[in-house]
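Structural overview for review
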Protein chains: 2
Amino acid sequence: MQQRTAEILCVGTELLMGGTVNTNATEIAKELAGLGINLYHSSVVGDNSERLAEAVKLALSRADILITTGGLGPTYDDLTKETVAACFGKKLVLHPECLEEIKAYFARAHRTMTPTNEKQAWLPEGCTVLPNPNGTAPGCVIEAGDKLVAILPGPPREMRAMLKNGLVPLLTQKGQRLVSHELHFYGIGESELEYRLHDLMVQSQNPTIAPYAGTGEVKLRVTARVAEEEDAEALLRPVMEQILAAAGEYCYGVDVPDLQTAAVKLLREKGLTAATAESCTGGLVASRLTEVPGASAVFGCGIVSYNNQVKTDILGVDPAVIREYTAVSAETAAAMAEAVRRKAGAEIGIGVTGNAGPAASEGQPVGLVFVAVASERYSHVSRMFIDRQDEDARGLIRHLAALKALSLLRKAAEKY
Amino acid sequence: MQQRTAEILCVGTELLMGGTVNTNATEIAKELAGLGINLYHSSVVGDNSERLAEAVKLALSRADILITTGGLGPTYDDLTKETVAACFGKKLVLHPECLEEIKAYFARAHRTMTPTNEKQAWLPEGCTVLPNPNGTAPGCVIEAGDKLVAILPGPPREMRAMLKNGLVPLLTQKGQRLVSHELHFYGIGESELEYRLHDLMVQSQNPTIAPYAGTGEVKLRVTARVAEEEDAEALLRPVMEQILAAAGEYCYGVDVPDLQTAAVKLLREKGLTAATAESCTGGLVASRLTEVPGASAVFGCGIVSYNNQVKTDILGVDPAVIREYTAVSAETAAAMAEAVRRKAGAEIGIGVTGNAGPAASEGQPVGLVFVAVASERYSHVSRMFIDRQDEDARGLIRHLAALKALSLLRKAAEKY
């Protein structure tokens, strides 16, 4: 089985100015991993013809496949096609069918085509065109000798569709596969998880075990490299069982994208509904839940009670609770969860109240949050104190509070 | 004035597996731009000692400053310090003060220090230590000849604090500055904006004008490179005036981070309050508003009415409106905006209803959204049809609907 190596080269001065996060490289890397193609280098260069040409040559000296993104726009500083074509001694020619596509795109979007967009229909001679249903710049693939260069656009929506529908089918190789499962953990730190799994992680070569620390979460990816006809699951199963034996109580799901999906899935399976009452998270918990397709089956009502009057008059919390314990208290969080549960007629209510900053309020410090869950089977209030001096402490406090709420929601659903 | 060149090298197999987005490179790039240090290359390599050493050598052959991230963890595959030190013929030595810091960190976090964490206190001999208040891995700076290598940790929170508080002060150079302003646009596409500004963008060398297309938004960064004593604003002002003359009606702010901040700022300035009623965005508009520090002065109440019963019983929309026009209609959006405005006693109400997918519902196609604003001075309903076949069409529809809501909110505040 032939081992191919790819390299990613993202082109764009904006990526070197700090204005744009390079999500393209991440998405391409993920697809390459799925294809079983090795990726050892991923680079960024600006909109500079000379440095771009150097980077292309370096990449082709060490990889079989080069994937570029960016520099296909209509403007004068978009140079990728020209530069890559020149590296292969090819010139650009007008592709009339691409020009028609571009015209059709503008017509569909009810926008006026500017003359500069015509440039986007010029592609290297002899290339395979990759259509762009989401934008005006077609991509292309140049094959020369044993090298392949794929030229993709920079805007992530356009790049993504072209990658999945155009390039991946071209790169799919018979013979081998990488098969992965992802185990998602909440409530345990990366160090602690690695400490528990150290021997297994060092010894296991196939499958490999790789930890990814998120903010407030940890993910383990277990990946088996197998020949087409081999049973990857038979390799993966015993390793996953060992991981779950060591830390299963923190695992909220396998191959689920996130905690909200795990929560919605479990609610659906059990035929339960949930409602949210949020103060410091300001709608973030509801927003996360409704990110999940099909959330409407389990979630109908969220109330953002960002001040005390809304907590009492609209949500229905007893004013005496807030008076006695303050708005940022376990008692108020519990009352919010119970109030919204009753108001919405849901099985499970979530209440979040806290101080996300920027200043202390009613004597409660920044970072103090109470997250409550209320149901007939399980009620609980978690106190969190997120004492961080980060620039975006507010975002972090909201994020961690929302994770806790989603985790408690999932836990409550488990009790049914 | 000496022109320095830097290079970024991010180390971590997770970055090449597609599991992690490389936000570190973006943040370092932004700081380098602010320091007036050129950045021509940014690369990623995996946790492989040989390729890491090659990448370090290549970077030092073309840049004065190398900044690495990642590979400082406690585990066996964290190799950055060892590899960089070897490139300079240096060995690692135990820094007892770092070991104390690590112990103190674990004590503060009420966590148990694992034996593997001791490795993190070993740093290249003769280096300058960069403390890590947010984690266990200290960073360091090695200077040799006219080269400088800064070794930063991989977790973004840790990297960010060390970059800003430790490394940037070390790299700040007397003599020159880059000064930028960012102009934010909503409601105009990147092509159209560039078409309007083409001559200005091509001709203007200092300041430079760089466009950044976001999803549903466009940003222009105007950057002047000046000597310390020069007046950057005098260079920037006339160019910004020309930009605003060409497309000012779409500009929602200068040097504001986003549309929600612009909206909250304007509401605060005018002493207005807003309330939100959301169906398909499910709390996203409220969540965006409350991301902004100080939002509580202008926002108290959000209701997520994800089903019709909540729209009528809790929000107070007339059931006849929904019966006659369906839940996804201009009339229902307007009724939601007006209902939440009255319920919350706010000057401006926002209503969002639509179908974010995954399936058509009540005969309304996926992607059809109505966004309404209601106030005594300005009421309006926008119809959007976001007909995209993306994998994450749902996320895109919600995002674009939320942007529209924030834009209408800002526009309504302008009328006061």
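Look up: the structure comes first, before these words.
This section reports on the structure supplied with the text. (Residues numbered from 1 in each chain as written. Chains lettered and ligands numbered in written order. Predicted model: local features only at pLDDT ≥ 70, side-chain atom pairs only at ≥ 80, totals over all residues. Heavy atoms only, no water.)

In terms of regular secondary structure, chain A is built from 14 helices and 17 strands. By principal-axis analysis of the C-alpha atoms, chain A measures approximately 80 × 55 × 40 Å. Looking at chain A as a whole, 57% of its 416 residues qualify as buried. Accessible area of chain A: about 16600 Å², with a carbon and sulfur share of 50%. With 41 positive and 50 negative side-chain charges, chain A shows a separation of 3 Å between the mean positions of the two kinds. (Helix = DSSP H or I, 4+ residues; strand = E, 2+ residues; numbered from the N terminus. Buried < 20%, exposed > 50% of the residue type's maximum accessible area, 1.4 Å probe, protein only. Areas by Shrake-Rupley, 256 points an atom, 1.4 Å probe, with all protein chains shown as cover. Lys, Arg positive; Asp, Glu negative; His and termini not counted. Charge placed at Lys NZ, Arg CZ, Asp CG, Glu CD.)

Turning next to the pattern of salt bridges. By the definition in use, this model includes 24 salt bridges over all chains. Arg62(B) is the partner of Glu7(B) in a salt bridge, and the nearest nitrogen-oxygen pair spans 2.9 Å. You can see Glu7(B) sitting in strand E1 (residues 5–11) and its partner Arg62(B) sitting in helix H3 (residues 49–62), a full 55 residues away along the chain. When its relative accessible area of 29% is taken as the criterion, Arg62(B) is described as partly exposed. Shared partners join several salt bridges into a network, and the residues in it are Glu182(A), Lys219(A) and Arg221(A). (Salt bridge = Lys/Arg side-chain N within 4 Å of Asp/Glu carboxyl O.)

The strand order across the open sheet formed by 10 strands is E17(A)-E16(A)-E15(A)-E13(A)-E14(A)-E14(B)-E13(B)-E15(B)-E16(B)-E17(B), and the pairing between neighbours is mixed. Where the open sheet ends on each side, the last strands, each with one partner, are strand E17 (380–385) of chain A together with strand E17 (380–385) of chain B. The mean inter-strand angle of the sheet, taken between neighbouring strand axes irrespective of direction, is 10°. In this sheet, E17(A) lies alongside strand E16 (residues 368–374) of chain A in antiparallel orientation, the contact comprising 6 bridges. Opposite Val373(A), over in E17(A), you have His380(A) as the bridge partner. (Pairing = 2+ DSSP bridges. Axes fitted to C-alpha atoms, helices over the stretch in contact; angles between N-to-C directions.)

The next point concerns the sheet that holds strand E2 (residues 38–45) of chain B. Sheet architecture is open: 12 strands sit in the order E6(A)-E7(A)-E8(A)-E3(A)-E1(A)-E2(A)-E2(B)-E1(B)-E3(B)-E8(B)-E7(B)-E6(B), paired in mixed fashion. Of all strands in the sheet, those with a lone pairing partner are strand E6 (128–130) of chain A together with strand E6 (128–130) of chain B, marking the two edges. Between one strand axis and the next, the sheet turns through 15° on average, direction left out of account. As judged from the 7 bridges shared by E1(B) and E2(B), these two strands associate in the parallel manner. Directly across from Ala6(B), in E2(B), lies its bridge partner Leu39(B). Sheet strands in contact with helix H4 (residues 80–87) of chain A are strand E1 (5–11), strand E3 (65–69), strand E7 (139–144) and strand E8 (147–152) of chain A, and its direction is about 170° off that of E8(A). (Contact = heavy atoms within 4.5 Å.)

With that out of the way, let us pick up a negative patch on the surface. On the surface, a cluster of negative charge is made up of Glu229(A), Glu230(A), Asp231(A), Glu233(A) and Asp255(A). For Glu229(A), the location among the structural elements is in the loop between strand E11 (217–227) and helix H8 (232–247). (Patch = residues over 30% accessible without salt bridge, like charges linked within 9 Å, V, L, I, M, F, W, Y side chains within 5 Å.)

Looking now at the side chain of Glu217(A). Residue and element names in this part refer to chain A. Tracing the chain through its elements places Glu217 in strand E11. For Glu217, which is buried and forms no salt bridge, the nearest opposite charge comes from Arg288, at a distance of 6.8 Å. Here the side chain of Glu217 touches Tyr252 through a polar contact of 2.4 Å, side chain to side chain. Filtering out sequence-adjacent residues up to four positions away, Glu217 remains in contact with Phe185, Tyr212, Tyr252 and Leu403. (Polar contact = N/O pair within 3.5 Å; in protein donor to acceptor, adjacent residues only side chain to side chain.)

To continue, consider the pairing of strand E3 (residues 65–69) of chain B. Burial analysis of E3(B) places 5 of its 5 residues in the buried class, which makes it a mostly covered element. Burial of the side chains of E3(B) extends over both faces: Ile65(B), Ile67(B) and Thr69(B) are buried on one face and Leu66(B) and Thr68(B) on the other.

Let's shift gears to the interface of chain B and chain A. Chain B puts 75 residues into the contact, and the matching count from chain A is 77 residues. Between chain B and chain A, the buried area comes to about 6300 Å², and carbon and sulfur atoms account for 57% of it. At the junction of chain B with chain A, the criterion picks out 22 residue pairs in polar contact (both at pLDDT 80 or more). For the side of chain B that touches chain A, a count of residues per class yields 31 nonpolar, 27 polar and 17 charged. Summarising the sheet, strand E14 (residues 299–305) of chain A and strand E14 (residues 299–305) of chain B pair through 5 bridges and their orientation is antiparallel. When the sheet's bridge partners are listed, Ile303(A) is paired in E14(B) with Ile303(B). (Buried area = accessible area lost by both parts, 1.4 Å probe. Nonpolar A, V, L, I, M, F, W, Y, C, P; charged D, E, K, R; others polar.)

This brings us to the relation of the copies chain B and chain A. The two copies are related by a screw operation: chain B maps onto chain A through 180° of rotation and 0.1 Å of translation along the axis, at an RMSD of 0.1 Å. The superposition operator between the copies reduces to a two-fold rotation axis. Same-surface contact between copies: 100% of interface residues of chain B are shared with the interface of chain A. (Least-squares fit on C-alpha atoms with pLDDT ≥ 70 in both.)

This part is about helix H10 (residues 284–291) of chain A. Within H10(A), 7 of the 8 residues are buried, which leaves the element mostly enclosed by the surrounding structure. Regarding H10(A), the residues found buried are Leu284(A), Val285(A), Ala286(A), Ser287(A), Arg288(A), Leu289(A) and Thr290(A).

With that out of the way, let us pick up the side chain of Thr80(A). All names here are of chain A. Here Thr80 is to be found in helix H4. For Thr80, a relative accessible area of 0% gives the class buried. The residues contacting Thr80, other than those within four sequence positions of it, are Val11, Leu52, Thr68, Gly70, Gly71, Leu72 and Ile151.

A few words now on helix H14 (residues 393–414) of chain A. For an α-helix, the turn length of 3.6 residues means that residues three or four places apart are oriented alike. Over its 22 residues, H14(A) extends 31 Å from the first C-alpha to the last, a length consistent with the 32 Å expected when each residue adds 1.5 Å. Among the 22 residues of H14(A), 18 are classified as buried, and the element is accordingly described as predominantly covered. (Expected span 1.5 Å × (residues − 1).)

On their own, these measurements won't tell you what the molecule is for.
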